[in-house]
Amino acid sequence: MVGLKEELLKSIWHAFTALDLDRSGKVLSHNLCTVLNVPHDPVALEEHFRDDDEGPVSNQGYMPYLNKFILEKVQGNFDKVEFNRMCWTLCAKKNLSRSPLLISDEDAFKVWVIFNFLSEDKYPLIIVPEEIEYLLKKLTEAMGAGWQQEQFDHYKIALNTSREGLSAWELIELIGSGRFSKGMDRQTVSMAINEVFNELILDVLKQGYMLKKGHKRKNWTERWFVLKPNIISYYVSEDLKDKKGDIILDGNCCVEALPDKDGKKCLFLIKCLDKSFEISASDKKKKQEWIQAIQSTVNLLRAGSPPPHKEARQKRKELRQKLLAEQEELERQMKELQTANENKQKELETVRKQLEAAAARAAEEEKKRLQTQVELQDRFSLELEREKMVRQKMEEQVAQKSSELEQYLQRVRELEEMYKQLQEALEDEKQARQDEETVRKLQARLLEEESAKRAELEKWHLQQQQTIQMTEAEKQELENQRMIKERALQVAMQQLEQLELERKEALEQYEEVKKKLETAANNTKSWKDKVAHHEGLIRLIEPGSKNPHLITNWGPAAFTEAELEQRQKSWKGKKATSE
């Protein structure tokens, strides 16, 4: 009942502010009693509006009568549209804009009623930008157009800089100007306004044509169905003039889909306590939409919740109240901070004065200190002179020490340079020894091949002597074999000569490596003498003892016994092949 009273007060406020209360207050009260089905009390009305010394009846003076004799007696059994139309008639002529609008007077009336539904619960009534955006989005959606968020944001910024919201007449002018419905004709805009009006004001959740099966004759008849939060009404046509019946909804109702039968498709059943209704939708989509809408309505009735648009409006208001409370809390905190800041400023001012007084005292003390300093300056002058002399002596000592240190550092650098050069000499000696080892291996290989060839020649020589002692019959055959072996011997002699040349080259390389080794040893000895001369700071790395060399008929060589055995096996293999 409190919500109903608030809704009535908004419409009455428009009519009340548009009338001259001294002459028309009685007319307004009489009309309200008529449209709200409230018993009229002429005596109380005359008593309230009698002339007195206070002059015309004020707004505050009319409210007690309105609450006591009219609003408290409202039972809800009245036509809301007729009530709003009566209040609209009283206030529209005075407040409606004279400029031409793209909407009719009927559409302007519906926008006015929607304004009363969405406006804030404070007077004078205004609709805030958030609710304007909600309404314009609903109208745009009903027109099938796209929502221009950027355009509305610019409008919202311009609106917020000048005021908190719009009055009912400014909202009518905004929608009637076509600013947010460009490209739409008057009929499309009118249909959109009517659709939003039905949803928000008449609580129409869904409406449309469907077939209904009769209870007596069992025939199917097309009806215009209108779904509201607690009732489904069906009419002959969509003009709502000829009402054929109602389906009362409560928490015990249910809706379920039916299979196709009797040539009818898209069937569903609405079950109530006393009666069931079979209905056929035009297609499967409409069927599913109606089933979902009816089931959602029944669920709301079971939960005791208001219609979705009213619940959404209440949530938006609660959110705005919460934001407003947060903003007020923030402003309160800002005021507290400002007060604390002012207190801090006062404290700082007090501290500044104290600092000024302390600075004056400090200046006096500084003056005394300067006088004392002048007296002490003379006393310290002699000590300063003595300190200068001591400092000069210390500087001379430091200079001497610095010179010695520089000489010592120079000597260390020279030793480091000698150490680097000695390392390079040792690297050269190491490389020379590696070359000598390579030449030794080469000589061993050549010596092995030479020994193998010589052994083969001696064997062939013995075989020749044995062959000469054989019989003349075998002599010819042996002669042939001898010729073959002589040819092989010539080849072997040639190979032996080649090996001799290679051995000589290896010997020459060995001599060169030996000279390099001697040069490196001399360099090492020279650096060793230099290091010993510089107090023996570096220990030389000397080469180790050499392995004993093998001696051949042609001189010393570096072949190992294993290498000689390998050469001998190779020579014997070649000999066996030639035979």
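Details of the structure are given in the entry above.
Residues numbered from 1 in each chain as written. Predicted model: local features only at pLDDT ≥ 70, side-chain atom pairs only at ≥ 80, totals over all residues. Heavy atoms only, no water.

**Focus on the overall build of the protein chain**
For the protein chain, the helix and strand inventory stands at 14 helices and 9 strands. A total of 579 residues make up the protein chain; the buried ones form 33% of that total. Summarising the internal contacts of the protein chain: among those between residues at least 6 apart in sequence, 66% fall at separations of at least 24. Just so you have it, the protein chain exposes about 38000 Å², and 51% of that area is on carbon and sulfur atoms. (Helix = DSSP H or I, 4+ residues; strand = E, 2+ residues; numbered from the N terminus. Buried < 20%, exposed > 50% of the residue type's maximum accessible area, 1.4 Å probe, protein only. Contact = heavy atoms within 4.5 Å. Areas by Shrake-Rupley, 256 points an atom, 1.4 Å probe, with all protein chains shown as cover.)

**With respect to the sheet that holds strand β4 (residues 243–248)**
Ordered by their spatial adjacency, 7 strands build an open sheet running β4-β3-β2-β1-β7-β6-β5, and the pairing between neighbours is antiparallel. The open sheet has two edge strands with one neighbour each: β4 and β5 (254–258). Across the sheet, the mean angle from the axis of one strand to that of its neighbour is 35°, orientation sign disregarded. Pairing of β5 with strand β6 (residues 267–271), which is carried by 5 bridges, proceeds in the antiparallel orientation. Residue pairing in the sheet places Cys254 in a bridge with Lys271 of β6. (Pairing = 2+ DSSP bridges. Axes fitted to C-alpha atoms, helices over the stretch in contact; angles between N-to-C directions.)

**A look at the nonpolar core**
Counting residues in each nonpolar core, the largest one holds 63 residues, and the members touching the most others are Leu8, Leu32, Leu36, Phe83, Trp88, Trp112 and Ile172. Considering each element in turn, this core owes the most residues, 9 residues, to helix α6 (residues 105–118). (Core = buried A, V, L, I, M, F, W, Y, C linked by side-chain atoms within 4.5 Å.)

**With respect to a nonpolar patch on the surface**
A cluster of nonpolar side chains, contributed by Leu330, Met334 and Leu337, occupies part of the molecular surface with about 320 Å² of accessible area. By the element assignment, Leu337 lies in helix α12 (residues 308–468). Owing to a relative accessible area of 55%, Leu337 belongs among the exposed residues under this scheme. (Patch = residues over 30% accessible without salt bridge, like charges linked within 9 Å, V, L, I, M, F, W, Y side chains within 5 Å. Salt bridge = Lys/Arg side-chain N within 4 Å of Asp/Glu carboxyl O.)

**Here's the deal with helix α10 (residues 186–200)**
Between the first and last C-alpha of α10 there are 21 Å, a value that for 15 residues agrees with the 21 Å anticipated at 1.5 Å per step. Buried within α10 we find Val189, Ala192, Ile193, Val196, Phe197, Asn198 and Leu200. Those residues of α10 that are buried lie in contact with α5 (80–95), α6, α7 (129–143), α9 (168–176), β1 (206–213) and α12. (Expected span 1.5 Å × (residues − 1).)

**Overview of the layout of surface pockets**
A water-sized probe rolled over the atoms picks out the places where empty space is left. Taken as a whole, the largest pocket encloses approximately 690 Å³ of empty space. Contributing to the lining of the largest pocket are 27 residues, with Asn194, Asn198, Gln207, Trp224 and Glu238 lying nearest its centre. Elements that contribute at least two residues to the lining of the largest pocket include exactly α5, α6, α7, α10, β2 (220–228) and β3 (231–235). Broken down by element, the lining of the largest pocket gets its largest block of residues, 8 residues, from α10. Considering only residue class, the lining of the largest pocket consists of 13 nonpolar, 6 polar and 8 charged. (1 Å grid on protein atoms, 1.4 Å probe; cavity = no way out; pocket = protein on both sides within 12 Å on 5 of 7 lines; lining within 4 Å. Points joined across faces, edges and corners; volume = space filled by probe spheres on them. Nonpolar A, V, L, I, M, F, W, Y, C, P; charged D, E, K, R; others polar.)

**Here's the deal with the pattern of salt bridges**
Here the structure, examined in full by the defined rule, presents 32 salt bridges. Here Lys317 ties to Asp121 by a salt bridge, and the two come within 3.4 Å at their closest N and O atoms. One end of the pair, Lys317, is in helix α12; the other, Asp121, is in the loop between α6 and α7, and 196 residues separate them in sequence. Lys317 sits in the buried class, given a relative accessible area of 8%. Here Asp121 falls in the partly exposed class, since its relative accessible area comes to 47%. We note a salt bridge from Glu395 to Arg391, for which the minimum N-O separation is 4.0 Å. Pair noted here: Glu395 and Arg391 are both in helix α12, with a separation of 4 residues, about one helical turn. Within this structure, Glu120, Glu131, Arg316 and Arg320 form a network of salt bridges that share partners.

**Notes on empty space enclosed by the protein**
Applying the stated criterion across every chain, the model contains 3 cavities of 30 Å³ or more. Of the voids in this model, the largest cavity is the one considered here, and its volume is about 210 Å³. Looking at the largest cavity, it is lined by 15 residues, and the ones nearest its centre are Glu7, Lys80, Asn84, Val113 and Ile201. If one sorts the elements of the lining of the largest cavity by residue count, helix α1 (residues 2–18) sits on top with 5 residues. For the lining of the largest cavity, the residue count by class is 8 nonpolar, 3 polar and 4 charged.

**Regarding the side chain of Arg313**
Mapped onto the secondary structure, Arg313 falls in helix α12. Engagement of the side chain of Arg313 in a polar contact is seen with the backbone oxygen of Phe117, the distance being 2.7 Å. Setting aside anything within four residues of it in sequence, one finds Arg313 in contact with Glu7, Phe117 and Leu118. (Polar contact = N/O pair within 3.5 Å; in protein donor to acceptor, adjacent residues only side chain to side chain.)

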